[in-house]
Amino acid sequence: MREQIRAVIAEHARLSTPIDQLGDDGDLFAAGMTSHASVNVMLALEDAFDVEFPEALLRKSTFETVSSIEAALFELTVSV
Amino acid sequence: MSEVEVTHATGRGATPAAGDPGRSRERAGVDHMVTATPLWFGPEHRPLFGWVHGPADRRSAGAVVLCPPLARELACAHYTYRLLAEELAEAGMLAIRFDYDGTGDSAGSERDPGRVAAWLESIGEAIALARRCGVTNVSLVGMRMGALLAAVAAARQGGVDGLVLWDPLASGRSFLREQSALQRLRSDLKPLDDGRVELPGFVYSAETVAELGALAMPEPARVPRRALVLTRPERTPLNGLIERLGVEPELGEAIGQDQLLEVEPLYHEIPKATSARIVEWLGKEEAEPRVELNVPVRDRASFHHDGARLTERFVWLGDVSMFGVVTEPEQRLDAPSIMLLNAGNDWHVGPNRLWVDVARRWAALGFRCLRFDESGLGDSPARPGVRSHVVRLPETFEDVHEAQDSLEPGDPTNVIMVGLCSGGYQALENALVRPARGVYAINPILHFTPPELAWGPMDPRRRICFPSSSLVSAYRNIPGLAPLRRGVRGIAWRALRLLHRDRDPSSWLDELRESGVRVLVIGGENETRPFGTPAGTGDAELVQIEVVPGLDHALMPAWHRDAVLQRMTEHLVEHFAPGAGSRPGRPSA
């Protein structure tokens, strides 16, 4: 799952720091991800994992790091 | 202030009126003359606003109706649509730009009921307008939600020749989802708990949310003759939208959409390659004979707002005929006129359409209000030899002066200037050159790089700008310094004020006080920090600096807009409505 998340981030987050130089807890917003890019990441993750982020997860902290995205996706895929 | 010299539309066709300056543009070393006529059309009691662009010889074989996106994307695309319309006219076509009911300059609000039906009816009215101009062959172009609405309108209405879907959305639901997620991820706002949904800069009612949720491309009832679909490869698939067109479309890439819609407005780039492809595609099958165009002229509209009957009319301001809209009540107070300045490179409807709300609300209170585009922005031409679509040019000083002269020729100081961001800055600067009765500056930015520094010294009229230096830019852009910057903002501003003592707000705010200019600055912590705590001399109450903690710079959240509008309205009524207790002294001219 983590590698797939990283692939989505690499394609959609438009980071100023390459994703392979960021750890799983590296702040994606601090690395240059804009709010528009974070929406693109969200939509691409929904396509890639066939899920839909509910209202409760639509907040910055969900998309802040690879780890936080993974935790959210885990919650969604387990609960489906 | 010249007006289009034609009275109310009667349905009688007329060529663009005398007094209509038309628009000329120079490109690639060749003069391309096209006409551009603003007009009201559609229902008399609920007028729609639009522009008709046509070839200089007033003859065309086909018309193109440009269906705009919705909400914040509408503002991002406005200037691109203007250029596209001008290019279509240069290519020999009639192009109609318009604002849906409750958007842009058109009557109504996004809070009204029946939005989706009203937007589709607006497209129908624009198609009818094209036909009233004399053209039978009508094509539609739509971007994002404008594409979906155009496709639905074409399928329901029929008779559409070409259909261009530019970066289309597959459904109303995907629009709501993308835009509401953007608002949530941008500001970490909590969702509204009454069924309304907040998008960046706008709020849709529960009814509109339900209508949008049900909006998708229907089975093809009436099929356009041909279609062009331009998409972003990286975006979500279109879920059958193409299959439901009923015609095999030409497919292509929507190049440059991310740089148009997904960057801060000040930095967006016009997708010229995509525009050029659309113009070429629409122009390549011009089978009909060219007919003489008769553009119906209707330069003023009357409608009810906040229980008052208002009139809106077009005005042309200054040397280059800047475009503006004046909103007036039936009975005007003996009070200063209101001037609403451009915010960044947004057009004259203001940030998130706030200037339209302000103009109509304050006109209902008895004030005359002007919203206009400074030269080179929005719907106004640039000054000769000056680049278009550049913010904070030195020429803005002349633009504002000329608008003052036009609005209040007897006493140009009898105005209240209102601006946000660059507009707030400019209002303060202009009031130092020529006093005004009042200035409302929302989130003014005093620290920036004036564009003229790219070719010479800073304009000497700039009294309050703290010009950015390369050292400051480097300090701002080093990623690792972000936490440090947050901690030392106050110290940094104190240092800047020491370095530029002559630009310290405490000195020029005193000057405004002494001229009798009543100043209200409303801003977040960052935007008001440069003002420090002005001690002031004389009537301290004349200058008010009000900090609203957490105020969003562009007023994207609804409560931020509501709070600012309410505060300005209270101040206006208290200080500028005749009979109010404390009136400022008349400034010296």
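(A) Geometry of unusual backbone geometry. Phi is positive for Asn-352 of chain B, which is not a glycine, with a value near 55°. As for its placement among the helices and strands, Asn-352 of chain B is situated in the loop between strand E17 (337-340) and helix H8 (354-364).

(B) Representation of the packing of aromatic side chains in the model. All names here are of chain B. Taken as a whole and assessed by the stated rule, the structure comprises 17 aromatic pairs over all chains. For the pair Phe-49 and Phe-323, a centre-to-centre distance of 6.1 Å together with 35° between the ring planes defines the contact as tilted. Of this pair, Phe-49 sits in strand E3 (residues 48-55) while Phe-323 sits in strand E16 (residues 322-329); the two residues are 274 residues apart in sequence, bridging distant segments of the chain. Given a relative accessible area of 3%, Phe-49 falls into the buried group. Arranged with centres 6.4 Å apart and planes meeting at 40°, the rings of Phe-175 and Tyr-204 form a pair that is tilted.

(C) Inspection of the confidence of the model for chain B at higher detail. Of the residues in chain B, 85% have a pLDDT of 70 or more, and the chain-wide mean is 87. Here residues 581-589 of chain B is modelled with pLDDT under 50, and outside its nearest four sequence neighbours on either side it reaches 28 contacts, counting other chains as well.

(D) View of the pattern of salt bridges. Within this structure, the stated rule accounts for 44 salt bridges over all chains. The shortest N-O distance in the salt bridge between Asp-24 of chain A and Arg-6 of chain A comes to 2.8 Å. Pair noted here: Asp-24 of chain A is in the loop between helix H1 (2-12) and helix H2 (35-49) and Arg-6 of chain A is in helix H1, with a separation of 18 residues, a long-range link. Taking the relative accessible area as the measure of exposure, Asp-24 of chain A reaches 21% and is therefore partly exposed. With a relative accessible area of 15%, Arg-6 of chain A lands in the buried category. Among the charged side chains, a network of salt bridges with common partners joins Arg-14 of chain A together with Glu-73, Arg-144, Asp-167, Glu-178, Arg-232 and Glu-262 of chain B.

Calculation criteria
- Residues numbered from 1 in each chain as written.
- Chains lettered and ligands numbered in written order.
- Predicted model: local features only at pLDDT ≥ 70, side-chain atom pairs only at ≥ 80, totals over all residues.
- Heavy atoms only, no water.
- Helix = DSSP H or I, 4+ residues; strand = E, 2+ residues; numbered from the N terminus.
- Phe/Tyr/Trp six-rings, centres within 6.5 Å; stacked < 30°, edge-to-face > 60°.
- Buried < 20%, exposed > 50% of the residue type's maximum accessible area, 1.4 Å probe, protein only.
- pLDDT = per-residue confidence, 0-100.
- Contact = heavy atoms within 4.5 Å.
- Salt bridge = Lys/Arg side-chain N within 4 Å of Asp/Glu carboxyl O.

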